[in-house]
Amino acid sequence: MPTLLPRPAHQEFTDGEFELTRDSALSTHPDLAQPAQRLQERLRAATGFLLPLEVSEEASDTSLAIRLDLDPALAAEGFELETTPRAVRIAAATDRGAHWAAQALLQLFPAAVNRRSPAPGIRWTAPATRVADAPKFPWRGAMLDVVRHFAPTRDVLRFIDLLAMHRLNTLHLHLTDDQGWRVEIARYPRLTEVGGWRPETQLGAAHGSDTDGRPHGGFYTQDDIREIVAYAGARGITVVPEIELPGHAQAAVAAYPELGVGDSAPTTPWTLWGINPVIFNVEESTIGFLCDVLDEVIDLFPSEYICIGGDECPKIQWVEDERTQERMRELGLHDEEELQSWFVSRIGQHLASRGRKLLGWDEILEGGLADGATVLSWRGRVGALTAARSGNDVVACPEDTVYLDYRESDLPSEPIPTGTVTTVEKAYSFDPVPAELDAEQATHVLGGQANLWTEHIDSMRGLDYRAFPRLSAVAEALWTTGDRDYEEFAPRLAEHLARLDAAGVEYRHADGPRPWQERPGVSGRTRSVEEAAAHLARITANIG
Ligand code: ACM
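Note that the coordinates shown come from a computational prediction; the quantities given were computed from them, not determined experimentally.

Reading the values: rules and limits
- Along each chain, numbering runs from 1 in the same order as the chain's sequence is written.
- pLDDT decides what is reported in this predicted model: residues at 70 or higher carry local features, side-chain atom pairs at 80 or more are listed and counted, and totals for whole chains, interfaces and linings draw on all residues regardless.
- Computation of side-chain values: all heavy atoms of the structure, hydrogens and water removed.
- By convention a nonpolar core is built from buried Ala, Val, Leu, Ile, Met, Phe, Trp, Tyr and Cys residues, the set being connected through side-chain atoms within 4.5 Å.
- The rule is simple: take the accessible area with a 1.4 Å probe, protein chains only, and divide by the maximum for that residue type; under 20% is buried, over 50% is exposed, in between is partly exposed.
- Each helix is a run of DSSP H or I of at least 4 residues and each strand a run of E of at least 2, with the numbering of both proceeding from the N terminus.
- We call two residues in contact when some of their heavy atoms are within 4.5 Å.
- Cavity and pocket criteria rest on a 1 Å grid covering protein atoms alone: a 1.4 Å probe that fits but cannot get out defines a cavity, protein on both sides within 12 Å along at least 5 of 7 lines defines an open pocket, and an atom within 4 Å of a point defines a lining residue.
- Grid points are joined across faces, edges and corners, and a volume is the space filled by probe spheres set on the points.
- Amino acids are sorted into nonpolar (Ala, Val, Leu, Ile, Met, Phe, Trp, Tyr, Cys and Pro), charged (Asp, Glu, Lys and Arg) and polar (every other residue, Gly among them).
- Note: two strands are recorded as paired if DSSP finds a minimum of 2 bridges between them.
- In what follows, a disulfide is any cysteine sulfur pair within 2.5 Å.
- Any Lys or Arg side-chain nitrogen located within 4 Å of an Asp or Glu carboxyl oxygen qualifies as a salt bridge.

Peer 1: In this structure, what is going on with the nonpolar core? I would like to understand it.
Peer 2: Side chains that are nonpolar tend, in soluble globular proteins, to be buried together. Counting 158 residues, the largest nonpolar core has Ile66, Leu191, Phe343 and Leu471 as the members making the most contacts within it. In terms of residues, this core owes the most to one element, helix H7 (residues 284-300), which gives nine residues.

Peer 1: For this particular structure, what's the right way to read unusual backbone geometry?
Peer 2: Excluding glycine, a negative phi dihedral is what most residues carry, and trans is how most peptide bonds are arranged. Between leucine 5 and proline 6 the backbone carries a cis peptide bond, its omega angle lying at 0°. One can find proline 6 in the segment before strand E1 (10-20). Of note, the bond from leucine 245 into proline 246 is cis; its omega dihedral lies within 30 degrees of zero at -15°. Mapped onto the fold, proline 246 is located in the loop between strand E14 (238-245) and helix H6 (250-255). Here the phi dihedral of arginine 167 falls at roughly 60°; this positive angle occurs in a residue that is not glycine. Among the secondary structure elements, arginine 167 is positioned in the loop between helix H3 (153-165) and strand E9 (170-174). Phi is positive for isoleucine 416, which is not a glycine, with a value near 40°. As for its position among the elements, isoleucine 416 is in the loop between helix H12 (399-402) and helix H13 (424-428).

Peer 1: How should I be thinking about helix H11 (residues 382-389) in this particular structure?
Peer 2: Residues of H11 that are buried include every one of Gly383, Ala384, Leu385, Ala387 and Ala388, and no others. The secondary structure elements touched by the buried residues of H11 are strand E17 (374-377), strand E18 (394-396) and helix H14 (439-442). Looking one or two residues past H11, glycine 391 carries a phi angle of roughly 85°, positive in sign.

Peer 1: Hey, could you run me through the environment of isoleucine 279 in this one?
Peer 2: As for its placement among the helices and strands, isoleucine 279 is situated in the loop between H6 and H7. For isoleucine 279, a relative accessible area of 0% gives the class buried. The spatial distance from the C-alpha of isoleucine 279 to the C-alpha of arginine 140 is 31 Å, given a sequence separation of 139 residues. When sequence neighbours within four positions are dropped, the list of residues in contact with isoleucine 279 reads Pro246, Gly247, Ala249, Val253, Leu259, Gly260, Val261, Cys313, Pro314, Gln317 and Trp318.

Peer 1: Looking at this model, I keep getting lost on the layout of surface pockets. Mind explaining?
Peer 2: Remark: the empty space left among the atoms is shown by a probe the size of a water molecule rolled over them. In this structure, the second largest pocket occupies an estimated 300 Å³ of space. Taken together, 14 residues form the lining of the second largest pocket, with Val424, Pro469, Tyr486, Leu493 and Ala510 sitting closest to its centre. At the level of elements, H13 and helix H17 (486-502) are the ones that each hand at least two residues to the lining of the second largest pocket. The dominant element in the lining of the second largest pocket, judged by the number of residues it contributes, is H17, at five residues. Taken together, the residues of the lining of the second largest pocket sort by class into nine nonpolar, two polar and three charged.

Peer 1: Explanation requested: the pairing of strand E6 (residues 88-92) in the structure shown.
Peer 2: Two faces make up the sheet, and in a regular strand the side chains alternate between them. In terms of residue burial, E6 counts as a mostly covered element, since four of its five residues are buried. The sheet contact formed by strand E4 (residues 65-70) and E6 spans five bridges and is parallel. When the bridges of E6 are listed, arginine 67 appears paired with arginine 89. One ladder, built from five bridges, connects strand E5 (residues 79-83) with E6; its direction is antiparallel. Bridge pairing in E6 links leucine 81 to isoleucine 90. Remark: four residues form the turn of the hairpin made by E5 and E6, two consecutive strands paired antiparallel.

Peer 1: What is the right way to look at the side chain of threonine 153 in this model?
Peer 2: Here threonine 153 lies in helix H3. Dropping the residues within four chain positions of it, threonine 153 is found in contact with Tyr220, Asp224, Glu227 and Ile228.

Peer 1: Where do I start with the state of the cysteines in this structure?
Peer 2: Applying the stated criterion across every chain, the model contains zero disulfides. With no disulfide of its own, cysteine 313 has cysteine 307 as its nearest cysteine by sulfur position, at a separation of 14 Å. The exposure class of cysteine 313 is buried, given its relative accessible area of 8%. Of all cysteine sulfurs in the structure, the one in cysteine 307 sits closest to cysteine 397, which takes part in no disulfide; the separation is 9.2 Å. Judged by relative accessible area, which is 0%, cysteine 397 ranks as buried.

Peer 1: Is there a simple way to explain the pattern of salt bridges in this structure?
Peer 2: Pairing between side chains of opposite charge can happen when their charged atoms approach one another. On inspection of all chains with the given rule, the structure shows 43 salt bridges. For the salt bridge of arginine 323 with glutamate 330, the shortest nitrogen-to-oxygen distance reads 3.0 Å. Overall, arginine 323 belongs to the partly exposed group, its relative accessible area being 30%. By relative accessible area, which is 48% here, glutamate 330 ends up partly exposed. A salt bridge links arginine 379 to aspartate 362, with the nearest nitrogen and oxygen atoms 2.6 Å apart. Highlighted residues: arginine 379 in the loop between E17 and H11 and aspartate 362 in the loop between strand E16 (357-361) and E17, separated in sequence by 17 residues. The class for arginine 379 is buried, based on a relative accessible area of 2%. Residue classification places aspartate 362 among the buried positions, given a relative accessible area of 0%. Via salt bridges that share partners, Glu283, Glu284, Arg323, Glu326, Arg327, Glu330 and Arg346 belong to a single interconnected network.

Interpretation in functional terms is not warranted from these geometric data alone.
Structure below.
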């Protein structure tokens, strides 16, 4: 009997099975036409059956049909799914609910239903069952860094399909950083002409490693972005863009040196990894530039939240620059932390004037938090606690649990091992809500996301290896209400791997990387448990 992943709130099995055949049909309420079309496409790809799709308020004939009905009484992303020997019925209040019901239905069929080309000789049966389900958190996401290594549009679309398969509803795209600028901005073409390309790239994780001597780059045109946003939207997924400020700015400063501090702007994006001193200056013209950029970003991304980064902004350039110190006095600010807070608040005011909400990494708490800002809490749980206690919303993504670029074991064969060991079991233990919060404060935790930084992920094959199956575990942690037990999860995950296989996902096997997944000869930054604890203490101390 196939099991569901994420585990549903309620499921009971009844007698018999539903069999999908060439003669089956699809029927949907007009408001759920989009999820019905997606289901039609998925079934056609794997089975070769093109089910006729009827769009009508009431189904004309429900026998041998999969019917999607609107039920406004259900939770926003909740659904009911019933399969019987005669028919399948899905009920949902929203498109999203129906998308997730369709994903659950697909999991009831043989795993080959995840193929992208027809699988011959399979009886497409699903057991008779009744499922009632709804997600625990409204924010269930993954962040993909498309800067450190650019992912072509088709790869982003493929990743969106994999998020949808796991009922994750948010793709956070990290679009700008020191090493590149990846989104076309019509008003400032040099951002991608100059900022989109770096001459070479550091190999390995430690400074002092070799560089590869090869140019790397790429960017999304505005049409590419519209395609990505529309593709995601048609699968129940919101794309949240991130434009980094005031740090992680080298690519932008290389493109437009007048944005930098002093007159020693770099001429190319950074070729190394790590934290970079090049940051934006605090002139009115630079705030104006960023607002212009954000205006184009807002026009491209319907997301309620716009991420402005805010992390890892060394203040050394501001400290040493006479003009910046003068500006601080002009603004009546006492230190560089207040200056960063002022900077972020100015951007927040602009976003608010355009009807959007500011999202930023937890460093935006330093020097005072912008009103209404939502915090991505990555340095342990301190950011989540501080923000939720002050009435700000939180998306949890603690680096010790859900940084999926971190190594999965201490095996010497792990490809470019970075960070601390983050096993599937550890990822499964993810709970976005710190136990210290009371019930009211806990309502500020919108949910969580896994982060995939791509310094050492230079292809979709590498991304598959890092993301899966840990992201499958995170998806359940964010969806499933009630107690979770890894022992209960593990066999369902084993079954789920067959679905990933059918979808062509080159996930990590439990016993370690396959030979073609290793990256021998490239040494990484490996941390012992003690080093990791010291690292966490250092970064959390910054919040105070
Ligand atoms: C981060 O990992 N620098 C947000």
